Amino acid sequence: MTKIVSHRGANHFAPENTFAAADLALQHGADYIELDVRESADGVLYVHHDETLDRTTNGTGPIGHASSAEIGALDAGSWFGEGFKGAVVPRLDAYLEHLRGRAGVYIELKYCDPAKVVALVRDLGMVRDTFYFSFSEEMRRDLQLIAPEFRKMMTLNIAKSPSLVGAVHHASIIEISVEQMRRPGIIDVSRRAGLEVMVYYGGDDPVIHREIADAGVDYINLDRPDLFQAARSALSGVAA
Ligand code: G3P
Ligand code: CA
């Protein structure tokens with residue numbers, strides 16, 4: 001059955017990349033939580049998407065210029081809704097501990113020291129429960145050097161060919177769009193290359209969720225775990 005990877009948690013119903021978003025995603029059937037990692041001025045790892053604090057907290061400026069004391073005092077919930085007032089910007093260590101044993105984690109390195117992430121994940125015993133990606137070539141290169149055994153994901157857009165995902169990018173999971181999934185043979189070719197297949201779909205069309213469930217890919221990276229849970233349950237004949 002296709003595993004649900006919930007992009008920044010259940011971000012349509014709770015502020016992205018918060019404990020509430022992760023908990024809600026799990027209630028909605030998520031198997032994995034996707035998160036973004038950035039580092040504070042004093043070297044603490046946080047779960048936070050944007051380079052700056054402005055959009056998703058009551059702070060301003062680059063997160064990399066703020067101290068952990070400053071970030072720890074921020075409200076990361078009110079921007080989304082009054083009911084989430086007081087939500088914190090999660091520290092990566094606390095967030096992973098919160099998810100350990102409950103979900104897998106897709107860790108996207110936005111900008112941080114990969115060695116710190118690797119040490120943390122090894123300490124927590126979560127190597128097998130996690131996989132990794134970065135749009136930054138330097139993050140990917142460092143991660144591969146430090147942790148060749150960690151599971152990596154690579155997009156077809158960057159790799160250009162499924163055959164290069166493992167050979168050049170050392171990844172075992174390929175991410176494709178819905179349009180790419182529809183190209184005849186792309187899933188079979190990826191599987192023959194020894195890859196797991198993840199489809200990225202940020203929309204909320206139930207027909208497309210059903211189409212992805214029918215395709216039988218290994219993972220879907222999405223914003224609406226609740227909708228996909230309904231689609232895959234219908235496929236397996238289980239009530240949602
Ligand atoms: O797999 C790619 C996806 O997770 C990208 O996330 O940070 O660009 O919203 P983001
Ligand atoms: Ca991300």
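## Examining the side chain of His49
Mapped onto the elements, His49 comes out in the loop between strand S3 (45-47) and helix H2 (68-72). A residue is classified by how much of its surface remains accessible, and His49, at 18% relative accessible area, is buried. Of the polar contacts made by the side chain of His49, one reaches the side chain of Asp50; its length is 2.7 Å. Ignoring any residue separated from it by four or fewer positions in sequence, one finds His49 in contact with Arg8, Glu16, Asn17, Asp36, Arg38, Arg55 and Lys110.

## Let's talk about the site of ligand 1
Neighbouring ligand 1 are the residues His7, Arg8, Glu34, Asp36, His49, Tyr106, Glu108, Lys110, Phe135, Met153, Glu175 and Asn221. Separating an oxygen atom of ligand 1 from a side-chain N or O atom of Lys110 is a distance of 2.8 Å. Look at ligand 1: alone it shows 310 Å² of surface, and the protein chains cover 88% of it. Among the elements of the structure, strand S2 (32-39) and strand S4 (104-111) are those that each provide at least two residues to the shell around ligand 1. Classifying every residue of the shell around ligand 1 gives 3 nonpolar, 3 polar and 6 charged.

## Quick notes on the pattern of salt bridges
Counted according to the given criterion, the structure contains 15 salt bridges. A salt bridge links Lys110 to Glu108, with the nearest nitrogen and oxygen atoms 2.7 Å apart. The pair Lys110 / Glu108 is uniform in exposure class, with both members buried. One network of salt bridges, with partners in common, ties together Arg8, Glu16, Asp50 and Arg55.

## Side note on the packing of aromatic side chains
Per the counting criterion, the structure on display carries 9 aromatic pairs. Plain terms: the ring middles of Trp79 and Phe80 are 5.5 Å apart, the flat faces sit at 80° to each other, and that makes the pair edge-to-face. Taking relative accessible area as the criterion, Trp79 reaches 34% and is therefore assigned partly exposed. In this structure Phe80 comes out as partly exposed when scored by relative accessible area, which is 29%. Members of the aromatic cluster, connected to one another through ring pairs, are Tyr32, Tyr106, Phe131 and Tyr219.

## A short note on helix H10 (residues 206-215)
Burial in H10 covers these residues: Ile208, His209, Ile212 and Ala213. For H10, the buried positions fall inside an angular range of 140° around the axis, keeping them on one side. At its buried positions, H10 is contacted by helix H8 (178-181), strand S8 (196-201), strand S9 (219-222) and helix H11 (225-235). With a side-chain oxygen lying 2.8 Å from the backbone nitrogen of Val207, the N-terminal cap of H10 falls on Asp205.

## Examining the pairing of S8
Here 5 bridges tie strand S7 (residues 173-177) to S8, and the two strands are oriented parallel to one another. Across the sheet, the residue bridging to Ile174 is Val197, located in S8. A crossover connection joins S8 to the parallel S9 through H10; in handedness this β-α-β unit is right-handed.

## Describing unusual backbone geometry
Even without being glycine, Arg8 reaches a positive phi, approximately 60°. When you line up the elements, Arg8 lands in the loop between strand S1 (3-7) and helix H1 (19-27). Unusually for a residue other than glycine, His170 sits at a positive phi of about 60°. Considering the arrangement of structural elements, one finds His170 in the loop between helix H7 (162-167) and S7. The class for His170 is partly exposed, based on a relative accessible area of 42%.

## Quick look at the packing of H1 against helix H3 (residues 92-99)
The packing of two helices is summarised by the inter-axis angle and the distance between the axes. Two numbers describe how H1 lies on H3: the axes approach to 11 Å, and their chain directions differ by 20°. As summarised for this structure, H1 and H3 are arranged roughly parallel, according to the angle between their axes. Considering the relative orientation of H1 and H3, their crossing is right-handed. Listed contacts from H3 to Phe19, Ala22, Asp23 and Leu26 of H1 are Ala94, Tyr95, His98 and Leu99. Taken together, the residues of the contact of H1 with H3 break down into 6 nonpolar, 1 polar and 1 charged.

Definitions and cut-offs
- Residues numbered from 1 in each chain as written.
- Chains lettered and ligands numbered in written order.
- Predicted model: local features only at pLDDT ≥ 70, side-chain atom pairs only at ≥ 80, totals over all residues.
- Heavy atoms only, no water.
- Helix = DSSP H or I, 4+ residues; strand = E, 2+ residues; numbered from the N terminus.
- Buried < 20%, exposed > 50% of the residue type's maximum accessible area, 1.4 Å probe, protein only.
- Polar contact = N/O pair within 3.5 Å; in protein donor to acceptor, adjacent residues only side chain to side chain.
- Contact = heavy atoms within 4.5 Å.
- Near = heavy atom within 4 Å.
- Areas by Shrake-Rupley, 256 points an atom, 1.4 Å probe, with all protein chains shown as cover.
- Nonpolar A, V, L, I, M, F, W, Y, C, P; charged D, E, K, R; others polar.
- Salt bridge = Lys/Arg side-chain N within 4 Å of Asp/Glu carboxyl O.
- Phe/Tyr/Trp six-rings, centres within 6.5 Å; stacked < 30°, edge-to-face > 60°.
- Arc of directions from axis to C-beta.
- Pairing = 2+ DSSP bridges.
- Right-handed = clockwise from strand over helix to strand, strands pointing away.
- Axes fitted to C-alpha atoms, helices over the stretch in contact; angles between N-to-C directions.
- Parallel < 35°, antiparallel > 145°, perpendicular 65-115°, else oblique.
- Left-handed = near helix turned anticlockwise from the far one by under 90°.

Geometric descriptors of this kind do not, in isolation, establish any biological role.
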